[in-house]
Amino acid sequence: MSRVLTGIQSSGHPHLGNLLGAIRPALQLADAQAEPAFLFIADLHALTTIHSPHQLRENTYAVAAAWLAMGLNPHRHVFFRQSDVPEVCELTWYLGCLTPYPMLANAHSFKEKSTHLSKVSAGLFTYPVLMAADILLYQADLVPVGKDQKQHLEITRDIANAFNRVYGEIFRLPEPVFQEETMVLPGIDGRKMSKSYGNTLEPLGDLEELYRQVRRIVTDSTPVDAPKDPEKCTIFKLYSVLAPPDAVEEMRQRYLRGGYGYGQAKEALYEVLRTSFATERQAYHQWRADPAGLEAILREGAEKAREEAQKTLQLVRQAVGLSASSSVVKT
Ligand code: TYM
């Protein structure tokens, strides 16, 4: 029996990279196991970038609605908001005390993000420790993620190993599960699709906005008549993860023959985005209109998640030499 776990930050609205790189493969993997999976919205992680309370709440509901619209069954799996389980912050402290400073200072994602920001917070620095706590708290076996999270998973395993060496075998070692074809989905500017780059496609959102996003995909200046290299084109890359194989092959041939413009390729991409997410888009809009329904589901999930979290935390507190429970016992 394997326990699947994954999370998505509520740092923006869910984008194609999240849907294809994380939510869809995570649900496939989760539904294939006998054991319920732990699937959550990483709103504490989102606090490293979002400082508007309204925006954070709004994003959290958007990500929750996306999980449900993509088919998550909240009665079968444990679906919750990270911040509803405060135990994760306590575990972050214990793990942080065993995490070598250089490991965090050299992490790609920290180095990359910190060079773009004028202010670099301690939260951004310790981000991977909170992520390790997310995974280890629930004793996850399999963590489906996009390739951009590879190093975070390595850090998690390093921290778990360090803890187990010092205090005994407390944590299971999680394995990352990567999705091959959508390993790192490009955004509309050709870099990795990411909320922080503002280069996303949001297939569950408003269709007019989706159309505008597709039209803004950056291409080179090869004239319509000239043959084009499909492998170097973002439109083609995105099309090829969404469209059926024969349609992808047809587009490839059109690129190679010439006489096919990027504008036409964009229309084809928009069409496949519009149609292949039609059912999910409708469900997404229904969930967005029902915050009370979302709250009820998330609260139920948090109760189940907390039970599991408290079991692990009790073992950890005992192992490190603290009292087994965090509640003060009155005498
Ligand atoms: P986040 O919120 O940036 O992304 C959520 C998931 O979507 C995947 N993803 C992509 N996949 C393919 N192509 C892309 N362009 C793309 N962009 C995002 C990510 O790989 C990820 O799987 N730190 C995590 C959230 C997190 C988490 C966890 C994940 C917090 N705790 C515990 C797993 C386990 C993050 O920032 O993901």
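Only a predicted model underlies this, so the values are computations on that prediction, with no experimental measurement involved.

Novice: How do you make sense of the nonpolar core when you look at a structure like this?
Specialist: Grouped burial of nonpolar side chains is what soluble globular proteins tend to show. Among the nonpolar cores identified, the biggest contains 57 residues, and L16, W67, F79 and L269 are the most heavily contacted of them. Residue-level mapping places this core at the junction of two domains, with at least three residues from each of domain 1 (5–184 + 290–327) and domain 2 (205–276). Setting aside anything within four residues of it in sequence, one finds W67 in contact with T6, I8, I23, A26, L27, L39, F40, I41, L72 and F79.

Novice: Looking at this structure, I do not really get helix α11 (residues 234–242). What am I missing?
Specialist: Since there are 3.6 residues in each turn of an α-helix, residues three or four apart along the chain are aligned in direction. Those residues of α11 lying buried are T234, I235, F236, L238, Y239 and L242. Each element contacted by the buried residues of α11 is listed here: α1 (16–31), α12 (245–257) and α13 (262–276).

Novice: Help me understand the packing of aromatic side chains in this model?
Specialist: What characterises a pair of aromatic rings is the spacing of the ring centres plus the angle enclosed by the ring planes. Within the structure shown, the criterion is met by 13 aromatic pairs. Their ring planes at 80° and their centres at 6.4 Å tell us that F38 and F80 sit as a pair that is edge-to-face. Of the two residues, F38 sits in strand β2 (residues 38–42) while F80 sits in strand β3 (residues 78–81), which places them 42 residues apart along the sequence. Of the two residues, F38 and F80, neither departs from the other in class, the shared state being buried. Between Y101 and F125, the aromatic rings sit 5.3 Å apart at their centres with planes inclined by 40°, giving tilted as the arrangement. Residue Y101 is located in helix α5 (residues 101–105), and its partner F125 is located in helix α7 (residues 122–125); the two are separated by 24 residues in the primary sequence. The class of F125 is buried, set by a relative accessible area of 16%. Taken together, the ring pairs connect F38, F40, F80 and Y138 into an aromatic cluster. Here the basic side chain of K113 rests over the ring of Y127, its NZ or CZ set 4.9 Å away from the ring centre. The positively charged end of R191 is found above the aromatic ring belonging to Y197, 4.0 Å away from the centroid.

Novice: Any chance you could explain the pairing of β2 here in plain terms?
Specialist: Consecutive residues of a regular strand have side chains that alternate between opposite faces of the sheet. In terms of burial, β2 is largely enclosed, as 5 of its 5 residues are buried. Side chains F38, F40 and A42 project from β2 onto one buried face, and the interleaved L39 and I41 project onto a second face that is buried too. Sheet topology places strand β1 (residues 5–9) next to β2; 5 bridges connect them, and they run parallel. For L5, the partnering residue across the bridge sits in β2 and is F38. In this fold, β1 hands off to α1, which returns the chain to β2; that crossover is right-handed. Bridge count between β2 and β3: 4 bridges; the pairing is parallel. Its bridge partner being in β3, L39 is matched across the sheet by F79.

Novice: Even after reading the chapter, I still don't get α13, so can you show me in this structure?
Specialist: Compared with the 21 Å implied by 1.5 Å per residue over 15 residues, the 21 Å span of α13 between its first and last C-alpha is a close match. All of the buried residues along α13 are Y262, A265, K266, L269, Y270, V272 and L273. Seen from one end, α13 has its buried residues packed into an arc of 165°, which puts them on one side. Summarising the contacts, the buried residues of α13 are in contact with α1, α10 (207–215), α11, α12 and α14 (278–288).

Novice: How should the site of the ligand be read in this particular structure?
Specialist: Around the ligand, the structure places 29 residues, and the nearest of them are Y127, D134, G146, D148 and L185. Side-chain polar atom of Q9 to an oxygen atom of the ligand: 2.8 Å apart, as the coordinates give it. Contact with the protein chains covers 97% of the free accessible surface of the ligand, which is 700 Å². The element best represented in the shell around the ligand is β1, accounting for 5 residues. Here the residues of the shell around the ligand sort into 14 nonpolar, 11 polar and 4 charged.

Novice: What am I meant to see in the side chain of E295 here?
Specialist: Among the structural elements, E295 can be located in helix α15 (residues 291–320). What makes E295 buried here is its relative accessible area of 15%. Within the structure, the side chain of E295 is placed 2.6 Å from the side chain of Y61, a separation counted as a polar contact. E295 has contacts with Y61 and R81, leaving out every residue within four places of it along the chain.

Novice: Looking at this structure, how should I read the domain arrangement of the chain?
Specialist: When the parts of a complex come together, some accessible area is lost, and that lost area is often used as the size of the interface. Partitioning the chain into domains gives domain 1 (5–184 + 290–327) and domain 2 (205–276). Inter-centroid distance (C-alpha atoms) of domain 1 to domain 2 is 34 Å.

Novice: I'm lost on the pattern of salt bridges in this one. Help?
Specialist: A side chain of one charge can pair with a side chain of the opposite charge when the charged atoms of the two come close. On inspection of all chains with the given rule, the structure shows 23 salt bridges. Taking the shortest distance from any N to any O, the salt bridge between E280 and R24 comes out at 3.9 Å. A residue pair is termed long-range when its members are at least 10 positions apart, and E280 in helix α14 and R24 in helix α1 qualify at 256 residues. For E280, a relative accessible area of 16% puts it in the buried group. Classification of R24 as partly exposed rests on a relative accessible area of 31%. Salt-bridge contacts for E87 lead to R306; the nearest nitrogen and oxygen are separated by 3.0 Å. Highlighted residues: E87 in helix α4 (residues 87–96) and R306 in helix α15, separated in sequence by 219 residues. Classification of R306 by relative accessible area gives partly exposed; the value is 31%. A single network of salt bridges, built from pairs that share partners, joins R3, E35, E308 and K311.

Cut-off values and rules
- The numbers attached to residues start from 1 for each chain and follow its sequence in the written order.
- For a predicted model such as this one, the threshold for reporting local features is a pLDDT of at least 70, and the threshold for listing and counting side-chain atom pairs is 80 or more; totals across whole chains, interfaces and linings nevertheless cover every residue.
- To obtain the side-chain values, all non-hydrogen atoms of the structure were used and water was disregarded.
- Note on terminology: a nonpolar core comprises buried Ala, Val, Leu, Ile, Met, Phe, Trp, Tyr and Cys residues joined through side-chain atoms within 4.5 Å.
- Exposed residues in this analysis have more than 50% of their type's maximum accessible area, buried residues have under 20%, and partly exposed residues fall in between, with area computed by a 1.4 Å probe over protein chains only.
- The domain boundaries here were taken from an automatic or database domain assignment.
- It only takes one pair of heavy atoms within 4.5 Å for two residues to be counted as in contact.
- Runs of E in the DSSP output that reach at least two residues are strands. Runs of H or I that reach at least four are helices, and both are numbered from the N terminus.
- Here the aromatic set is Phe, Tyr and Trp, taking the six-membered ring for Trp, and pairing holds for ring centres within 6.5 Å; pairs whose planes are under 30 degrees apart are stacked, those over 60 apart are edge-to-face, and all others are tilted.
- Lysine NZ or arginine CZ positioned within 6 Å of the ring centre and within 35 degrees of the ring normal marks a charge as sitting over the ring.
- DSSP bridges decide pairing: two strands pair if at least two such bridges lie between them.
- The definition of a right-handed crossover adopted here requires that, viewed with the strands pointing away, the path from the first strand over the helix to the second runs clockwise.
- Working rule for helices: expected span equals 1.5 Å times residues minus one.
- What the arc describes is the spread of directions from the helix axis to the C-beta atoms.
- Near, as used in this document, describes a residue that has one of its heavy atoms within 4 Å of the molecule or strand being considered.
- Polar contact is defined as a pair of N or O atoms within 3.5 Å, subject to the rule that within protein one atom must be able to donate a hydrogen and the other to accept it, and that residues adjacent in sequence are counted only when both atoms are side-chain atoms.
- Note that accessible areas follow from Shrake-Rupley with a 1.4 Å probe, and for residues the cover is restricted to the protein chains shown.
- Under the grouping applied here, Gly and all other residues not named as nonpolar or charged are polar, the nonpolar ones being Ala, Val, Leu, Ile, Met, Phe, Trp, Tyr, Cys and Pro and the charged ones Asp, Glu, Lys and Arg.
- Salt bridge, as applied in this entry: a Lys or Arg side-chain nitrogen positioned within 4 Å of an Asp or Glu carboxyl oxygen.

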